[in-house]
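# Geometric and topological summary
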Number of protein chains: 4
Amino acid sequence: MFKIAVVGASGYTGVELLRLLVGHGGIEICGVTSRQFAGQPVSEQFPSLRGCVDRCFEQLDPAEIAQRADLVFTAVPHQTAMQMVPELLDGGTRVVDLSADFRLADEATYAAWYQEHTAAHLLAEAVYGLPELYRAKIAGARLIANPGCYPTSAALAFAPLLANSQVDPATIIIDSKSGTSGAGRGAKVGSLYCEVNEGFKAYGLPKHRHTPEIEQTLSDLAGQPVTINFTPHLIPANRGILSTCYAALVGQAGQAELHGLFSSYYAAEPFVRILPEGQLPNIAQVRGSNFCDIGLVVDARTNRVIVVSAIDNLVKGAAGQAIQNMNLMLGLPETQGLRQAPVFP
Amino acid sequence: MFKIAVVGASGYTGVELLRLLVGHGGIEICGVTSRQFAGQPVSEQFPSLRGCVDRCFEQLDPAEIAQRADLVFTAVPHQTAMQMVPELLDGGTRVVDLSADFRLADEATYAAWYQEHTAAHLLAEAVYGLPELYRAKIAGARLIANPGCYPTSAALAFAPLLANSQVDPATIIIDSKSGTSGAGRGAKVGSLYCEVNEGFKAYGLPKHRHTPEIEQTLSDLAGQPVTINFTPHLIPANRGILSTCYAALVGQAGQAELHGLFSSYYAAEPFVRILPEGQLPNIAQVRGSNFCDIGLVVDARTNRVIVVSAIDNLVKGAAGQAIQNMNLMLGLPETQGLRQAPVFP
Amino acid sequence: MFKIAVVGASGYTGVELLRLLVGHGGIEICGVTSRQFAGQPVSEQFPSLRGCVDRCFEQLDPAEIAQRADLVFTAVPHQTAMQMVPELLDGGTRVVDLSADFRLADEATYAAWYQEHTAAHLLAEAVYGLPELYRAKIAGARLIANPGCYPTSAALAFAPLLANSQVDPATIIIDSKSGTSGAGRGAKVGSLYCEVNEGFKAYGLPKHRHTPEIEQTLSDLAGQPVTINFTPHLIPANRGILSTCYAALVGQAGQAELHGLFSSYYAAEPFVRILPEGQLPNIAQVRGSNFCDIGLVVDARTNRVIVVSAIDNLVKGAAGQAIQNMNLMLGLPETQGLRQAPVFP
Amino acid sequence: MFKIAVVGASGYTGVELLRLLVGHGGIEICGVTSRQFAGQPVSEQFPSLRGCVDRCFEQLDPAEIAQRADLVFTAVPHQTAMQMVPELLDGGTRVVDLSADFRLADEATYAAWYQEHTAAHLLAEAVYGLPELYRAKIAGARLIANPGCYPTSAALAFAPLLANSQVDPATIIIDSKSGTSGAGRGAKVGSLYCEVNEGFKAYGLPKHRHTPEIEQTLSDLAGQPVTINFTPHLIPANRGILSTCYAALVGQAGQAELHGLFSSYYAAEPFVRILPEGQLPNIAQVRGSNFCDIGLVVDARTNRVIVVSAIDNLVKGAAGQAIQNMNLMLGLPETQGLRQAPVFP
């Protein structure tokens, strides 16, 4: 049994990591930290975990926890992650970081969209943990930058198209919608029930911070710099991201041909489900699971393709993908602990 | 007091018409019909209206109701409307039709997207009831085609841009999201609470029937044929439409200039609210009201403008706009009965 | 036109008061205060009110605002209210206080359930503003204690029974459920969307602070001290309170007789709707309105009566009732500004 | 590997059985029937199960499926179950019936609350499948009557009190609230999203059909006939039942003593979690899991105890409990396939 620690477990990503780790079978949880709740039982903050995780939050001592754990998940805000990751790695453990701090390979881009980077020496080493695109590199990595939720949904929607030069990269528009857990567990008026419920809005326009992360992956796929429009919206639902992705086709590929392309591109992927022609994804159908559902249509009137992808932002968009990366790093079956069917309704 | 009848009042548009008419002050309800519920008290189907509308649903007799009413709202499905509207007009009343049957001026387009038209002789006479664009024609009309909910949100978002040649019409993408009341009150599995709640999906791709209606208005504004992509989605909320509208700018207009353009274009409109720069609309802020809120941003990186518009699909997207048209037709103040502040939260 | 001020208008009760006052017709808003947002446009905090309330929040100066306003609504927390109300009254204005500070006639009871009272000299003067029970006293009052939301729903459910000695007061159990706006607009983790949505819980057991307020009214109706169980729950909805009320019958009155009793007791009340036998209320059917819907059943097997009442907690449970009181105090028609039909769906 | 069939798998209970069986590990699904959808892939009706259950719905042939399966779940409406269960048993398989048809031991009671029973000869044999109370009998049973969702929540809340004569059975009131999946997947107007969302209501008063089922279990616990009031309500949420249970204490037991009683009564139960004093359950904390969470308070003012229990109606209230019964019948570990932590948020 590998020993796993979760650092910063008091948010929604943290509780989801614990939920999934509890049922994993190949690991044991050896530490759960939270600055804010250190000393409290985990089940006091998260009564759902009573009887499942019966330990207390601890204060983080990076060097000590690096000793204790074979692998550490850091589920902390950006800027906080870059402060603790170097020490964790120095302590000899491996890290899957769920923040944005190691996702952008280019230090200047990071500085432009976030702030100064204080652990930029690790950027070259960090591997972007999207297994469907970078599986080979993940296994041997010491530090995984776990992808953002929106970028995961966008990258999986565009990979077959860009890798096969089917669309004009200059025409890409990504209109994404996220459940509210993506906004975190911080006590903000904008996240109150009465502010979100029966509402729907766009936010962060036109420069949400996931934009450069999406552009980095799409550029890698296209083999050329790609600039996009990315518009996130807030859904009155707990979980789920749906991205509606638009691009102009460069050739004459029709619906059937592109559907075939997606199907073969992802044929071996355990967590990507290409829906039958005529069907489109719904976040309700992936809830609680690590699946990414994809549907697509070609509009012959405008010669555009519209790809719709759906994930659970807390699973394939965060904790599930982190565990998928962990499995690859530890030599466990990639799908271990992640085969749950979605919870519907 | 003008006498007003509501034909087909057993759906969500019907109950919303009744809600708004009850508080109007300048009219009296003289008839409420429903094939399905004829003979039942309105308050049995709609307990919200107990003490507000104390009459029964009747069977429709078009000729008789045309005698009784100065104006009739037809809140029935397309195809049903075209059967009853001619007889209502022949009976000497005026009609605001909330179906799609008289919205498309071109008979062939209607046939291509719906089915054969059996009252095509009225298409030339019918006025598209979007007061912000066609106010002058509405006053004198005998038959108003009340706009669809999505088309209203799209037309108001693009009007200042197309009327002033600011965007390339070939690049228009409209990503819309609607509350569930837009799906009607029919008992379908897909509209059940457990199917919609905690879900989000796109539907009707790539050829939702509101597409030609939107294209008709945008073409009129642009002075040239416009072909668009329109993608509707279903929000787990009762009411509201939010449309996120993309287009490539043709000139160098910046954020401030375009914001100024919208502000002056709609300066005299009582129901269009251009939000301050940096603010974006939310369907929660127009709930129950006839307002259309609009925000916009320019993305200098891609030279695209993104306009976001929000309406209540049952008010400005249906019943409220219908009453606005009624006011214009009857010579009443345009805003009478429609000045309610939105219900928040 | 009477001049009205709203003190503490930055919460959900405040915005609801403004929404209803905007459409009232017989008053004008002469001041809107908020410690936290003084200087900001009201529409920045509440975009729903853009174009409806175009003024800024002010700092409160009680003496000055008492000069300016014929009547002041104080929509502030308990303890804050008792500090400002004396000064407002001294300044010569009338006050409808929406806090709990003047609802309990007995100073010791207030101290036991809240804290020391610093304006206890006003308790004897304050009139409990439930018009259906205390209409006559309200008109002449200088200070109205606007009832709590739960107590309103409970008092209206039990009044006909207790006033007519139909039930054993020792057996009263009130199981209430409230929408989330009742928890206020404070940024607390427990009120976050993801904590409330898809959840349901009881809270405040067994001694929620509305208990003595309910007991005071029920005791007054029964003519003897009444002790109850009151259990509030949180509904994942914005608005609405539904109270399910149980009591043992003392006689042999059946369903029809008690239904008749309720119907005649409330026959003249404009805002109480007794549903037909066999129908039960739903908070969805009173949303946005000042109605209290009541249904009842007798269970012959247990000889208990079950009364179910539904109100909108922000309207009949707060702002609407406050305006009803204002109308009575100012000699306006009691229903002015409060005749809106509920917003459904 | 045991072979398991699900009969009537097209409803919410059916899809939940499949979700849980997919991850069970000790069984394989050998048949999935649905009259309505026979021939269709399961994943067409339930896209959540794509890649998890890749088979089609079949027509039911009871004799044949009895051959094929070691155990059959019948997830069909009452009255339908009594028609097929005898034939299944005759075919030599064991049955866990999720309908109400075999829950009431007394034929006359069944006839009074439902209709004539056509398989009454099996009532004596059927075992009521609430493992916490009847574990010993379940293992050897050929036919399990899987308890109703409300009755499960009520029985577990009252068992320690009645088994220990702590409350007066004549004073029991059970105020229950259920998520909407309890209403099933039938296409009814009352179950539409817009009818349920932002609503809350009581229904089925005063004689909901779960009443005699609850009374049967409580009577068994009390050793005397118990008559109760049971009031179900509809929560605008997909899943979850919360029951607020009231009874008068017969002795002087205080909070701590009763809390201790519950803790020791359920000490060995894997699926009952007694919350620490001062905490109350929330349906959000058991979502997707087989847990029943219980909290309790004593109100010294009225000498009543209030017990609050929460389950997921589709898991401990249906499919999960059915699998718990299956495990006991097949000699598998009772918790196999049921150890998932709840999904929060």
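Coordinates for the structure precede this section.
Residues numbered from 1 in each chain as written. Chains lettered and ligands numbered in written order. Predicted model: local features only at pLDDT ≥ 70, side-chain atom pairs only at ≥ 80, totals over all residues. Heavy atoms only, no water.

## A few points about the interface of chain A and chain B
Size of an interface: often given as the accessible area lost when the parts come together. Opposite the 51 residues of chain A that make contact, chain B presents 51 residues. Between chain A and chain B, the buried area comes to about 4000 Å², and carbon and sulfur atoms account for 56% of it. For the chain A face of the interface with chain B, the top three residues by lost area are Glu198(A), Phe200(A) and Arg301(A), together amounting to 18%. Along the contact surface separating chain A from chain B lie four salt bridges. For Lys177(B), the salt bridge identified is with Asp175(A), shortest N-O distance 3.0 Å. Counting the contacts that link chain A with chain B gives 28 residue pairs in polar contact (both at pLDDT 80 or more). Only β7 (173-178), α8 (193-196), β8 (201-202), α9 (210-222), β9 (229-234), β10 (241-248), β12 (292-299) and β13 (304-311) of chain A provide two or more residues apiece to the side of chain A that touches chain B. For the side of chain A that touches chain B, the element with the highest residue contribution is β7(A), accounting for four residues. (Contact = heavy atoms within 4.5 Å. Buried area = accessible area lost by both parts, 1.4 Å probe. Salt bridge = Lys/Arg side-chain N within 4 Å of Asp/Glu carboxyl O. Polar contact = N/O pair within 3.5 Å; in protein donor to acceptor, adjacent residues only side chain to side chain. Helix = DSSP H or I, 4+ residues; strand = E, 2+ residues; numbered from the N terminus.)

## Structural notes on the sheet that holds strand β6 (residues 143-145) of chain B
All names here are of chain B. Taken in spatial order, the six strands line up as β2-β1-β3-β4-β6-β5 in an open sheet, and their pairing is parallel. Whereas interior strands pair on both sides, the edge strands pair on one side only; in this sheet they are β2 (27-33) and β5 (127-128). Across two bridges, β5 lies against β6 in parallel orientation. Directly across from Tyr128, in β6, lies its bridge partner Ala145. Lying on the sheet, helix α4 (residues 80-90) is in contact with β1 (2-7), β3 (71-74), β4 (94-97) and β6; it crosses β4 at an angle near 160°. (Pairing = 2+ DSSP bridges. Axes fitted to C-alpha atoms, helices over the stretch in contact; angles between N-to-C directions.)

## Details of the interface of chain D and chain A
In this assembly, 30 residues from chain D lie in contact with 30 residues from chain A. When the two sides are added together, the surface that chain D and chain A hide from each other amounts to roughly 2700 Å², 60% of it contributed by carbon and sulfur. Its largest share of buried area at the contact with chain A, chain D owes to Arg50(D), Phe344(D) and Pro345(D), together 23% of the area lost on that side. Summed over the shared surface of chain D and chain A, the result is zero salt bridges. Connecting chain D to chain A are 11 residue pairs in polar contact (both at pLDDT 80 or more).

## Some remarks on the pairing of β10(A)
A regular strand carries its side chains on alternate faces of the sheet. Residues and elements named next belong to chain A. Among the eight residues in β10, eight count as buried, and that is most of the element. Residues of β10 alternate between two faces, with Ile241, Ser243, Cys245 and Ala247 on one and Leu242, Thr244, Tyr246 and Ala248 on the opposite face, all of them buried. Here β7 pairs with β10 via six bridges, running antiparallel. If you follow Ser178 over to β10, its bridge partner there is Ile241. Bridging between β10 and β13 involves eight bridges; their strand directions are antiparallel. When the bridges of β13 are listed, Ala248 appears paired with Arg304. (Buried < 20%, exposed > 50% of the residue type's maximum accessible area, 1.4 Å probe, protein only.)

## Re helix α9 (residues 210-222) of chain C
All names here are of chain C. End to end, α9 covers 18 Å across 13 residues, agreeing with the expected 18 Å (1.5 Å per residue, within 8%). A large share of α9 lies buried, amounting to 10 of its 13 residues. For α9, every residue scored as buried is listed here: His210, Thr211, Pro212, Glu213, Ile214, Glu215, Thr217, Leu218, Ser219 and Leu221. (Expected span 1.5 Å × (residues − 1).)

## Overview of the side chain of Ser176(C)
Residue and element names in this part refer to chain C. By the element assignment, Ser176 lies in strand β7 (residues 173-178). Residue Ser176 is classed as buried on the basis of its relative accessible area of 0%. Apart from residues lying up to four places away in sequence, Ser176 is in contact with Tyr150, Phe230, Thr231, Pro232, His233, Leu242 and Ser243.

By themselves these figures say nothing about function.
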